[in-house]
Amino acid sequence: MSHETRRDGETGTTDEDRPGTFGRYGGQYVPEALMPAVQELEDAYERYVLEKEDGFVDEFRRRLRDFGGRPTPLQRADRLSDRLDREVYLKREDLLHGGAHKLNNALGQVLLAKYMGKERIVAETGAGQHGTATAMAAAHLDMPCEVYMGTRDIQRQRPNVFRMRLNGSEVNPVSAGRGTLKEAINETMRDWATNVQDTHYVIGSVVGPHPFPEMVRTFQSVISEEARGQIREQAGRLPDSVVACAGGGSNTMGTFHEFVGDEAVDLFAVEAGGSSLAVDEETGVAPNSASLSTGTEGVLHGARTKLLQDSDGNVVESHSVSSGLDYAGVGPELAHLVDTERVTPVNVDDDEALEAFHLLSQEEGIIPALESAHAIAFARANPEQLGELTVINVSGRGDKDLESVIEETEQRELENAPSMDIFERAAGDTEGGI
Amino acid sequence: MSLAEAFDEPAFVPYLCVGDPSVERTREYVQALVRGGADVLELGLPFSEPIAEGPTIQGSVVRALEAGTTPEQYFEFVDSLDVDVPVVCMTYYNLLYQYGDSDGPGSFVERAAEVGISGFVIPDLPAEEAGPLRTACDDHGLDLVFIVAPTTEGERLERMAGLSSGYLYVQARLGVTGAKADVSDQTEASLAKVSQYDIPKAVGFGVSSGDQARHIVEAGADGVIVGSALVDIVADHGDPEGDDVPERLESKARELSEGVAAGAENMAKPEGQ
């Protein structure tokens, strides 16, 4: 049997001008079964979000305000400003409904799915913040929702599992690998490939195939849109620097986006340094999640980006005390902004993040998410890099992290942790009283 | 033998992941499949994020990675394989991208050509991203097989049929790989959709019995691809000295290849048309 090979010379190139690419990064590396869905989403994103057809953008803004509680405040952190001897402002995304920035994106995508006529939502979640935000948005907009979550994360984030169930979502445990975000994404992609005709996959970060990185960034950009206006109003000028933590990069891109064109504003993406920056080739584990600082170029979850991998190209397991940062890849646009030196990647280790968690709790009365504590920790350790006026994004609140913070604090020598022996003392008194 | 020649008669195309549970046992298994009538071998190179695979093949990939299987071991294995059927390498794009010093898939393809691999199936590489690999395959005379999904239509189908060489992998149902008892209703529609293209069409995803294989060939397929039903047998492996995995693989392969042959025979009869 013979076959003639006809080849269209214009197809199949990854050139830097193609939509959906950021320099050398981005693209659409997904199974063929998903390509029509990805393209359908691309069309819907252009029509409803970019061209503002059918009132989508107005409805999205209205729901963010009435249901989500936007705008969130920009607050001067008085004691942190004194301590660091400069003006420190906190963008309070922890005050958004659900307790994290994640709702900006989840609400946008679930609403978009409705406009597209989809009947079912699936999502992955790591820390559980994206899962809970999606579950809330799905309940709010009356869409059935299933969330995939690694078994290890389910153990680490029990309160969020309860919240998703309370909002009526199914939670599907994923036990492959180390049972964290990476495996949950794989499993959600498989669900999507099976049910692609009526299902929308609400991806939780600026990762995945085009149009997800750009679309999620667009939904999250409300953070920097507000913050940029607020700082000019409150401080009378643009900041010298903006600081955000970076895992997949959704709060990072949301916090940076409107400042990217302000060349005098330094942008710091704070990654999880974990316990060490080295990759253990033998065990295939990187005890960190610092893909911007230490990763190499490759293809993961639909995009070309920087990722933690071994020399063969197998993706290694990442680590962070903060499960929301615990991911081996990072959004392609953020990787590009690092390559072009617009964004400076930095990192802090688990201990520094935990100390910053206690610091903000004690001195500002804000219990931050462990993710956000990384941004605070960088500012605390490197005030001279911040300039005179800085904005730090508090991406979420720390209620979800209490159990792991108490457990981790007990195992470490932290300079500023409160004693938790109250339970032992109370237990002792109770026993004594019997 | 070239891939095109292997499809002169309807072909049975089994899949196994190399290195599950060890490279040496894969050698026994592959020989058993060839004895059972394999016409083409799809040999998986394990990657840590197999997003197109169902639980059966995921399990196989995990076992192969735990056994330490690397791309270089895979190439050495194929190089030393003494079988007279073409080998197609099935893996994910990042492994091609990372191999060697070059930027892109060139070094991987060069090494594959050196060890006698005939072509590639890369499930996470749609036509839109395939330019560099297509060029590298052309440079080294290798085939690049694209997967046509139930959702592939219109202009994209046209483009993929044009880019694909060796054969078209026709995905019989939506979802991930995995053995199913029935023949998907989608199969005939999918084959009709690609019938106009002058390239062999092999159907995969969910095929597990000789009967299904016969039906698929009767529906007009030039080949039948079977993975999970074989990997299920491999997953049962025990003591290398004592288990009967090679015998069971050979007998399953025979059932499937006989199903393909029976389908071909029925197609050849006038009333079978």
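Reading the values: the criteria
- Residues numbered from 1 in each chain as written.
- Chains lettered and ligands numbered in written order.
- Predicted model: local features only at pLDDT ≥ 70, side-chain atom pairs only at ≥ 80, totals over all residues.
- Heavy atoms only, no water.
- Helix = DSSP H or I, 4+ residues; strand = E, 2+ residues; numbered from the N terminus.
- Rg over C-alpha atoms; globule rule 2.2 N^0.38 Å.
- Buried < 20%, exposed > 50% of the residue type's maximum accessible area, 1.4 Å probe, protein only.
- Contact = heavy atoms within 4.5 Å.
- Areas by Shrake-Rupley, 256 points an atom, 1.4 Å probe, with all protein chains shown as cover.
- Lys, Arg positive; Asp, Glu negative; His and termini not counted.
- Charge placed at Lys NZ, Arg CZ, Asp CG, Glu CD.
- Pairing = 2+ DSSP bridges.
- Axes fitted to C-alpha atoms, helices over the stretch in contact; angles between N-to-C directions.
- Parallel < 35°, antiparallel > 145°, perpendicular 65-115°, else oblique.
- Left-handed = near helix turned anticlockwise from the far one by under 90°.
- Nonpolar A, V, L, I, M, F, W, Y, C, P; charged D, E, K, R; others polar.
- Phe/Tyr/Trp six-rings, centres within 6.5 Å; stacked < 30°, edge-to-face > 60°.

### Description of the overall build of chain A
Here comes step 1: Helix and strand counts for chain A come out as 17 helices and 14 strands.
Here comes step 2: For 434 residues, the compact-globule estimate of 2.2 N^0.38 gives 22 Å, and chain A sits close to it at 22 Å.
Here comes step 3: Counting only residues that meet the buried cut, chain A has 62% of its 434 residues in that class.
Here comes step 4: Long-range contacts, defined here as pairs at least 24 residues apart, represent 73% of the contacts in chain A between residues at least 6 apart.
Here comes step 5: Accessible surface, chain A: about 16,000 Å² in total, of which carbon and sulfur atoms supply 45%.
Here comes step 6: For chain A, the separation between the mean place of its 41 positive charges and that of its 76 negative charges on side chains is 4 Å.

### As for the sheet that holds strand β10 (residues 266–274) of chain A
Residues and elements named next belong to chain A.
Here comes step 1: Ordered in space as β3-β4-β14-β9-β10-β13, the 6 strands form an open sheet in which the pairing is mixed. Since the sheet does not close on itself, it has two edges, and those belong to β3 (74–76) and β13 (343–349), each with one partner. For this sheet the average axis-to-axis angle between neighbouring strands, irrespective of direction, equals 25°.
Here comes step 2: Taken strand by strand, helix α14 (residues 350–364) contacts β3, β4 (87–92), β10 and β13, and its axis lies near 90° from that of β13.

### Some words on the packing of helix α1 (residues 35–50) of chain A against helix α9 (residues 212–220) of chain A
All names here are of chain A.
Here comes step 1: Where α1 meets α9, the axes come as close as 11 Å, and the angle between the chain directions of the two elements is 25°. As judged from the angle between their axes, α1 and α9 are roughly parallel. Relative to α9, α1 is oriented so that their crossing is left-handed. Contacts between α1 and α9 involve Leu41, Tyr45, Val49 and Leu50 from the former and Phe212, Glu214, Met215, Thr218 and Phe219 from the latter.
Here comes step 2: Among the residues forming the contact of α1 with α9, the class breakdown is 7 nonpolar, 1 polar and 1 charged.

### Things to note about the packing of aromatic side chains
Residues and elements named next belong to chain A.
Here comes step 1: In the structure shown here, the tally under the stated rule is 20 aromatic pairs over all chains.
Here comes step 2: Plain terms: the ring middles of Tyr201 and Phe212 are 6.1 Å apart, the flat faces sit at 55° to each other, and that makes the pair tilted. Of this pair, Tyr201 sits in strand β8 (residues 199–201) while Phe212 sits in helix α9, placing them 11 residues apart in sequence. Across the pair, Phe212 and Tyr201 agree in class, each one buried.
Here comes step 3: Pairwise contacts between aromatic rings join Tyr48, Phe56, Phe60, Tyr115 and Phe219 into one cluster.

### Comments concerning the pairing of β4 of chain A
Looking down a regular strand, the side chains alternate between one sheet face and the other.
Residue and element names in this part refer to chain A.
Here comes step 1: Across the 6 residues of β4, 5 count as buried, placing the element largely inside the fold.
Here comes step 2: Pairing geometry for β4 and strand β14 (residues 389–394), over 6 bridges, is parallel. Within β14, the residue paired with Arg92 across the bridge is Val394.

Without other data, these values stay purely geometric and don't point to any function.
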